[in-house]
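Survey of secondary and tertiary structure
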Amino acid sequence: MRRLAAGLTLAAAGGLAWAVAETRMFTVRVHAVPVLAPGSRPLRILHVSDLHLTPDQRLKQEWVRRLAELEPDLVVSTGDNLAHRDAVPAVRCALGPLLDLPGVFVLGSNDIYGPQPKNPARYLLPPSLRRPTTDEARRLPVDDLVATLSSGGWLDLDNARGTLEIAGQTVSFVGVDDPHLERDRFPAPAERADLHIGVSHAPYTRVLDSMHADGCDLILAGHTHGGQLRVPGYGALVTNCDLDTRRASGLHGWPGPRPDEAGGAGSTWLNVSAGMGTSPYTPVRFACRPEVSVLQLLPRS
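Report follows, based on the coordinates. Small disclaimer: the values here were computed from a predicted structure and weren't measured. (Residues numbered from 1 in each chain as written. Predicted model: local features only at pLDDT ≥ 70, side-chain atom pairs only at ≥ 80, totals over all residues. Heavy atoms only, no water.)

Attention shifts here to the packing of helix α2 (residues 58-65) against helix α3 (residues 88-95). Contact pair α2 / α3: the axes reach a minimum separation of 7 Å and the direction vectors enclose 35 degrees. Two secondary-structure elements touch here, α2 through Q61, E62, V64 and R65 and α3 through A90, R92, C93, A94 and L95. When the residues that make up the contact of α2 with α3 are grouped by side-chain class, the tally is 5 nonpolar, 1 polar and 3 charged. (Axes fitted to C-alpha atoms, helices over the stretch in contact; angles between N-to-C directions. Helix = DSSP H or I, 4+ residues; strand = E, 2+ residues; numbered from the N terminus. Contact = heavy atoms within 4.5 Å. Nonpolar A, V, L, I, M, F, W, Y, C, P; charged D, E, K, R; others polar.)

Buried residues of α3: V88, A90, V91, A94 and L95, and no others. The buried residues of α3 occupy one face: seen down the axis, they fall within an arc of 155 degrees. Check the buried side of α3 and you find it contacts α2 and α4 (142-150). (Buried < 20%, exposed > 50% of the residue type's maximum accessible area, 1.4 Å probe, protein only. Arc of directions from axis to C-beta.)

Burial of strand β9 (residues 218-221) is two-sided: the residues L218 and L220 facing one way and the residues I219 and A221 facing the other way are all buried. Pairing of strand β8 (residues 195-199) with β9, which is carried by 3 bridges, proceeds in the parallel orientation. Bridge pairing links G198 to I219 in β9. Each parallel crossover has a hand, and the one from β8 via helix α5 (residues 205-213) to β9 is right-handed. Sheet topology note: the β9/strand β11 (residues 268-272) ladder contains 4 bridges and is parallel. By the bridge assignment for β11, L218 is matched with W269. (Pairing = 2+ DSSP bridges. Right-handed = clockwise from strand over helix to strand, strands pointing away.)

The residue P283 is located in the loop between β11 and β12 (291-299) in this model. A C-alpha to C-alpha distance of 9.9 Å links P283 and Q228, two positions 55 residues apart in sequence.

With that settled, consider the sheet that holds strand β7 (residues 169-175). Ordered in space as β6-β7-β8-β9-β11-β10, the 6 strands form an open sheet in which the pairing is mixed. Here the strands that pair on one side only, and so sit at the sheet edges, are β6 (160-166) and β10 (250-254). Neighbouring strand axes in the sheet, compared pairwise and without regard to direction, differ in orientation by 25 degrees on average. Inspection of the sheet shows β10 paired to β11 by 5 bridges, in the antiparallel sense. By the bridge assignment, G250 is partnered in β11 with V272. Packing of α5 onto the sheet brings it into contact with β7, β8, β9, β10 and β11, and relative to β10 it is tilted by some 65 degrees.

Before going further, it helps to examine the pairing of β8. Counting buried positions along β8 gives 5 out of 5 residues, so the element sits mostly inside the fold. What you see with β8 is no split at all: L195, I197 and V199 on one side and H196 and G198 on the other are buried throughout.

The next thing to look at is the nonpolar core. Membership of the largest hydrophobic core comes to 31 residues, with the highest contact counts inside it found for V64, L95, L98, L149 and W154. For this core, the element with the highest residue contribution is α3, accounting for 5 residues. Among residues more than four places away in sequence, those in contact with V64 are L51, A94, L95, L98 and M276. Counting 23 residues, the second largest nonpolar core, distinct from the first, contains L36, L43, V104 and L164. (Core = buried A, V, L, I, M, F, W, Y, C linked by side-chain atoms within 4.5 Å.)

Mapped onto the elements of the fold, T27 is located in strand β1 (residues 27-36). The buried category is assigned to T27, whose relative accessible area is 15%. Not counting residues within four places of it along the chain, the set of residues in contact with T27 comprises W63, R289, P290, E291 and V292.

Below is the structure:
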């Protein structure tokens with residue numbers, strides 16, 4: 001019995017050590033998305049989400065800076081950049097060379113309110129029972145963050161629309177402020193381009209439905225952390241919103257299968273990033289490496 005207890009203790013300690021180490025195993029996930037009009041030049045999107053930066057995270061900042069070497073045509077940030085009141089300079093350092101490229105962004109709840117200790121079991125509750133608190137004492141310098149993200153010309157898509165010329169192609173966007181804080185207000189209809197992209201921090205189904213109805217060809221979101229603590233062979237246990245766990249991260253279709261799969265006609269491409277960070281109070285990831293996504297947009301067959 002003592003040997004069993006000792007073995008279980010050792011296994012638990014080893015699992016915890018791995019979960020801490022995994023937070024530094026940064027990964028680039030590459031997906032091919034046949035979404036462009038036939039004959040179009042391929043486009044490369046870098047999708048960055050949930051950095052959750054603190055001033056001392058030098059390794060993460062340097063890794064994100066080097067993503068400019070991927071030479072994306074467009075950068076999309078789906079929020080939760082901050083995890084500390086003094087982290088805006090860290091965001092500026094991390095995204096520095098990327099801010100000079102065409103880009104768009106929305107905010108997440110952790111760009112507005114600082115993190116706080118939580119019981120991890122809370123995430124197993126239904127979404128209606130675990131809404132985040134909006135304590136003004138924890139308010140972060142969100143105006144400074146928006147100024148930083150906008151400094152090179154990135155479009156702020158919080159409850160807004162916008163259009164960019166990217167590599168000779170016109171791309172229209174629709175975005176919402178963070179649905180997790182119920183700040184989302186879908187913008188009024190407007191003319192869309194040949195490529196229409198929806199951007200949201202949290203992939204709540206009401207937002208995905210609205211973007212699908214708006215004619216989006218591709219929707220980008222974050223927030224879920226991919227489940228953060230995944231069960232090998234099973235996957236995510238939670239998404240921290242009302243999205244099903246099967247779509248906790250990666251490239252999928254909404255509302256049905258992916259458009260390239262049988263029965264997927266009429267679906268919109270949906271990429272949910274597992275993100276780069278964690279809350280300072282739960283600095284662990286398991287079977288869910290921190291990631292950014294590179295979406296290779298290709299012509300439809």
